[in-house]
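# Fold and geometry: a report
In case you want the letters, here they are:
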Amino acid sequence: AQGYILDDQKAEDYRLKKIRIEKLFRTGLELFKKKDYSPSLSSLKIAARNGHLGAKLLRAQIYEKLGNVEKAKKIYEELSALDDPEAMCSLARLNEEKDIDKAKTWLEQAIYLKHPMAYLDLGILYTRYARQLETEESNVNASRYFHEAI
């Protein structure tokens, strides 16, 4: 019986920890919406350190808004390695001018994960960079991805 009490206590501690992490994320999100980025980052940092993936993504978005693109990219790359399609779309957007093929690959991976915005983003990529991408098929591909986005 003693083992069950310890297991129940561990489960309760874990549940309370998850609640605290979620509260930190929600606080960071509310501050983000108010464009109060510095305190938002503080709350989100703690939640992210405790494994909250949404907090990590929001931190990357804040760093991007503040102009710290390299720090944002690092977080997006970490999340992309965990198959986060929104992070993949962000990486594609940040890389499209430097490396169109890499941006296309990120978007194709996000599409594979069924992320709806990736279809739209890839259609836009084909439209913007028709000459650099498969020239003859770019308009067809752009139309196809726009259609899939709908």
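Conventions we followed
- Residues numbered from 1 in each chain as written.
- Predicted model: local features only at pLDDT ≥ 70, side-chain atom pairs only at ≥ 80, totals over all residues.
- Heavy atoms only, no water.
- Helix = DSSP H or I, 4+ residues; strand = E, 2+ residues; numbered from the N terminus.
- Buried < 20%, exposed > 50% of the residue type's maximum accessible area, 1.4 Å probe, protein only.
- Axes fitted to C-alpha atoms, helices over the stretch in contact; angles between N-to-C directions.
- Parallel < 35°, antiparallel > 145°, perpendicular 65-115°, else oblique.
- Left-handed = near helix turned anticlockwise from the far one by under 90°.
- Contact = heavy atoms within 4.5 Å.
- Nonpolar A, V, L, I, M, F, W, Y, C, P; charged D, E, K, R; others polar.
- Core = buried A, V, L, I, M, F, W, Y, C linked by side-chain atoms within 4.5 Å.
- Polar contact = N/O pair within 3.5 Å; in protein donor to acceptor, adjacent residues only side chain to side chain.

### A closer look at unusual backbone geometry
One non-glycine residue with positive phi stands out, namely Asp83, at about 65 degrees. For Lys114, which is not glycine, the phi torsion reads 65 degrees and is therefore positive. With respect to the element layout, Lys114 can be found in the loop between α6 (100–112) and α7 (116–128). Residue classification places Lys114 among the exposed residues on the basis of a relative accessible area of 64%.

### Some words on the environment of Glu78
In this structure, Glu78 sits in helix α4 (residues 69–80). The exposure class of Glu78 is partly exposed, given its relative accessible area of 38%. The spatial distance from the C-alpha of Glu78 to the C-alpha of Leu57 is 9.7 Å, given a sequence separation of 21 residues.

### Let's talk about the packing of helix α3 (residues 53–65) against α4
Remark: α3 packs on α4, axes separated minimally by 7 Å, with the N-to-C direction vectors making an angle of 155 degrees. When the axes of α3 and α4 are compared, the pair comes out roughly antiparallel. Seen from above, α3 lies across α4 with left-handed handedness. Note on element contacts: α4 touches α3 through Val69, Lys71, Ala72, Ile75, Tyr76, Glu78 and Leu79, opposite Leu53, Lys56, Leu57, Arg59, Ala60, Gln61, Tyr63 and Glu64. Here the contact of α3 with α4 is composed, by residue class, of 9 nonpolar, 1 polar and 5 charged.

### Focus: the nonpolar core
Tyr76, Leu107 and Leu125 are the most contacted members of the largest nonpolar core, which totals 36 residues. Secondary-structure elements contributing two or more residues to this core are α1 (2–33), α2 (37–49), α3, α4, α5 (85–95), α6 and α7.

### Quick look at α5
For α5, the buried fraction is high: 9 of the 11 residues fall into the buried class. Buried residues of α5: Pro85, Ala87, Met88, Cys89, Ser90, Leu91, Ala92, Leu94 and Asn95, and no others. The inward-facing, buried residues of α5 contact α3, α4, α6 and α7. Two or three places before Glu86, at the start of α5, stands the capping residue Asp84, its side-chain oxygen 2.9 Å from that residue's backbone nitrogen.

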